[in-house]
Amino acid sequence: MNQYNISFELASVFFMVISIACLVLMRRKRTERYKKFLILMIVVLCGLVFDILGALTIYHGKELPYMVVSLANTLYFFFAALSGHAYLSYTEVFVGEMSAIDKVMSKVNLLLVVVYTLVLVANIWTGWIFYFDEDMNYMFGPVHYLCYIPTFYFITYGFAYALIHHKNLELRETLSFSGFVFIIFGTLIQSLMFPSTLLTFFFGTIGVIIILLFLETPDYAHLQETLIELDACKIQVEKSKRIKSEFLQSISREIKTPMTTVLGMDEMILRESNDEYITGYARDIATAAGSLMETINKILDYSDIEAGRLEIVKAPYKIETLVRDVFKTCQPAAEKKGLDLNCDLGSLVPEMLVGDCVRIRQIMLNLIGNGIKFTSSGRVSMYVGAKEIDSKNVMLEIRVSDTGIGIREEEIGGIFGSFDRSGDVQARSGERLGLGLAIVSKLTDMMDGEVRVQSEYGKGSEFTVTIPHKIAEDSDLIDDSDKSMSSSDAAEAGPLFKAPKAKVLIVDDNDINRVLEAMLLKETEVQTNQVAGGKEMLEELSRISYDVVLLDHIMPDMDGVEAMKRARQIERVKNAGTSFIAITANALTGARDEYIRQGFDDFVSKPINGRRLEEAIMKRLDKNVIEWSRN
């Protein structure tokens, strides 16, 4: 007759019942991980119960039916293997990363549990693993040690699985998973050192409690679940931001396309009409359309900043030229409201700096434009100065002040937010800070600068932007910012050149855009032809040699980039040295470099400015073709 010491496992039952109760009563979400751990605890508790019942039935074997004794011990071995499988399942869910092989192995492991169960059932009649003699003494079968293999395999596999994916686990988690390996030590100690003491599930209980205390306690588990929720929220927020950005871009470009036609046709009116009233109306249209295009560009810039697509491109530039250009751009709006506009450049500012002059200009325009909007009388002033950082670097300071309505102290902290409307006066006036200051703030941050604001409500505001700059060491700046003209200026100035022998092919799927480009080139007397897509362009270039091709980027039948690359393979194009100029709504910083990299010779952004179009074509024409030029 066999007698076992069950005191360790009796104590373990008490601890397991308390632990399960604590886990169930915790205010936690019933996640898959929670369910798997609860199953593990229940299986270990069942293993404890049947281990104790097995020992008791062996002790009272002669008093109990054979089937009861055999079944109790069979269930002990079954739950021993099942606890290992439950540990493995919990590990897989905790790690949360399963490859295709892992998923296959998961099914294989489940199949092993089923096969082992059938072996245990067969053992009741065969005695392969264990049996009872005539005196109901527990006896080892010929393959007795087979009963330990599934348990050892599942636990070892689970621990190895955790180690393989240790990059997803913290040290605390990895060490906690090692706790359940104690069940193997308990089995070995019981088998080799204390055969009359039940220790297998006692050590299994220790492993479960270690996991409970270190991984499944309310604080740590809640932290883990919160982090998972935060990750999910972050993904959702990023998705929402991306959708918003794409929506804004789509809407803005949908508006920008017809606005290209409006501005282009308006420029033609200014060029060809001699009626003072009509040209006056046309100038008003140009002003209003320009304001709308400014808003559209702000929306595009802001969406690109939020999406991380906008890059800072640093190059040498003349600060004096930039300040003069900004003054010329903003002066008409100031004069219209009867305001004095002053733009001063400090004497200590280096002649040439290295920075993103496009974004610096944008900051200046937004700050001055904002000042003009909210100033009804008085002046708007911009001062540009510099403070030396070291012999090679300076801190550029842009200070814009106005005598406008000012900002309330409690509203200053929120004026750099997107779509902000600060103050009732602004709201009643129909003006708003909108995206301008939000873009200023974000651009300044991207250039490692700082924005400060001082304001007294009713008296005015002062915005100060400081941005570090490198002093240019050479004078290779190509600065043509002062060459840009408005539509009305270009209309009055006339064409840059005349080239009656030059041939220009216009490629655009939009009929109005094709006509507009041809009309804008009318005074240059170049010969123009029009096609509606990439395939037609390839056929045309195969028949006739052209000097320049104006190629729209986005077309339904063939992308402009692909069409250009195919065209360059045509022998006639190679011999004629045809130049390709991209026509696109993409006006972002760096767009020109990207189109040049793709293989284009130049790039003109929409809405198309007649002067800019003439300049691009003139650069690409052979001097022998140009009969007259302004230069």
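Conventions used here
Residues numbered from 1 in each chain as written. Predicted model: local features only at pLDDT ≥ 70, side-chain atom pairs only at ≥ 80, totals over all residues. Heavy atoms only, no water. Helix = DSSP H or I, 4+ residues; strand = E, 2+ residues; numbered from the N terminus. Buried < 20%, exposed > 50% of the residue type's maximum accessible area, 1.4 Å probe, protein only. Contact = heavy atoms within 4.5 Å. Phe/Tyr/Trp six-rings, centres within 6.5 Å; stacked < 30°, edge-to-face > 60°. Right-handed = clockwise from strand over helix to strand, strands pointing away. Pairing = 2+ DSSP bridges. Axes fitted to C-alpha atoms, helices over the stretch in contact; angles between N-to-C directions. Parallel < 35°, antiparallel > 145°, perpendicular 65-115°, else oblique. Left-handed = near helix turned anticlockwise from the far one by under 90°. Nonpolar A, V, L, I, M, F, W, Y, C, P; charged D, E, K, R; others polar. pLDDT = per-residue confidence, 0-100. Patch = residues over 30% accessible without salt bridge, like charges linked within 9 Å, V, L, I, M, F, W, Y side chains within 5 Å. Areas by Shrake-Rupley, 256 points an atom, 1.4 Å probe, with all protein chains shown as cover. Salt bridge = Lys/Arg side-chain N within 4 Å of Asp/Glu carboxyl O. Lys, Arg positive; Asp, Glu negative; His and termini not counted. Charge placed at Lys NZ, Arg CZ, Asp CG, Glu CD. Core = buried A, V, L, I, M, F, W, Y, C linked by side-chain atoms within 4.5 Å.

Within the protein, the regular secondary structure consists of 21 helices and 16 strands. In the protein, which comprises 631 residues, the share counted as buried stands at 46%. Residue pairs in contact within the protein that sit at least 24 positions apart in sequence constitute 73% of those at least 6 positions apart.

Tallied over the entire structure, the rule returns 14 aromatic pairs. Measuring from ring centre to ring centre gives 5.8 Å for Tyr 595 and Phe 600, while their planes differ by 75°; the resulting arrangement is edge-to-face. Of the two residues, Tyr 595 and Phe 600, neither departs from the other in class, the shared state being buried.

The buried fraction of strand 11 (residues 503-507) amounts to four of the five residues, a majority that puts the element mostly inside the structure. Remark: the strand 11/helix 16 (residues 511-520)/strand 12 (residues 527-531) crossover connection has right-handed handedness. Both strand 11 and strand 13 (residues 548-552) contribute to a ladder of four bridges, which runs parallel. Counterpart to Leu 505 in the pairing with strand 13 is Val 549.

Turning our attention to the sheet that holds strand 15 (residues 602-605). In spatial order, the strands read 12-11-13-14-15; together these five strands make up an open sheet with parallel pairing. Both edges of this open sheet fall to strand 12 and strand 15, since each of them pairs with a single strand only. Each strand of the sheet is rotated relative to its neighbour by a mean of 20°, with strand direction disregarded. Sheet topology places strand 11 next to strand 12; five bridges connect them, and they run parallel. Bridging across to strand 12, Lys 503 finds its partner in Gln 527. Across the face of the sheet, helix 16 comes into contact with strand 11, strand 12, strand 13 and strand 14 (579-584) while running at roughly 175° to strand 12. Strands strand 13 and strand 14 of the sheet are contacted by helix 18 (residues 560-567), whose axis makes an angle of about 150° with strand 13.

This part takes up the packing of helix 3 (residues 66-95) against helix 8 (residues 200-214). Orientation of helix 3 relative to helix 8, taken along the N-to-C sense of each, is 20°, at an axis distance of 12 Å. By the angle between their directions, the pair helix 3 and helix 8 is classed as roughly parallel. The handedness of the crossing between helix 3 and helix 8 is left-handed. Each of Tyr 76, Phe 79, Ala 80, Ser 83, Tyr 87 and Tyr 90 in helix 3 lies in contact with helix 8, whose residues at this interface are Thr 200, Phe 201 and Ile 211. A per-class count over the contact of helix 3 with helix 8 returns seven nonpolar, two polar and no charged.

Fine structural detail should not be taken from predicted coordinates in areas where pLDDT scores are low. Averaged over all residues, the pLDDT of the protein equals 81, while 86% of them reach at least 70. Of the regions scoring below 50 in pLDDT, residues 420-433 engages in 29 contacts with residues more than four places distant in sequence or in other chains. A low-confidence stretch, residues 475-492 stays under pLDDT 50, and its non-local contacts, those more than four residues away or across chains, total 32 contacts.

A surface patch of negative charge is lined by Asp 509, Glu 536, Glu 539 and Asp 557. With respect to the helices, strands and loops of the structure, Asp 557 is situated in the loop between strand 13 and helix 18. The class for Asp 557 is partly exposed, based on a relative accessible area of 37%.

Moving on, we come to unusual backbone geometry. Although it is not a glycine, Met 136 adopts a positive phi angle of roughly 60°. The residue Met 136 is located in the loop between strand 1 (130-132) and strand 2 (138-140) in this model.

With that settled, consider the side chain of Ser 70. Relative to the helices and strands, Ser 70 resides in helix 3. If near-sequence neighbours (up to four positions away) are discounted, Ser 70 is found in contact with Ile 124, Phe 130 and Phe 132.

Let's shift gears to the side chain of Thr 279. Mapping Thr 279 onto the fold places it in helix 10 (residues 276-307). The residues touching Thr 279, leaving out its near neighbours within four places in the chain, are Leu 270 and Ser 273.

A separate point is the nonpolar core. Among the nonpolar cores identified, the biggest contains 44 residues, and Leu 23, Phe 37, Met 41 and Phe 77 are the most heavily contacted of them. Elements with a minimum of two residues in this core: helix 1 (7-25), helix 2 (32-59), helix 3, helix 4 (100-126), strand 1 and helix 8. Per element, the largest residue contribution to this core is twelve residues, and it comes from helix 2. If sequence neighbours within four positions are ignored, Phe 77 has contacts with Tyr 116, Leu 120, Phe 130, Tyr 138, His 144 and Cys 147. In terms of nonpolar packing, the next biggest core, distinct from the first, is built from 43 residues, Leu 310, Ile 372, Ile 398 and Met 447 among them.

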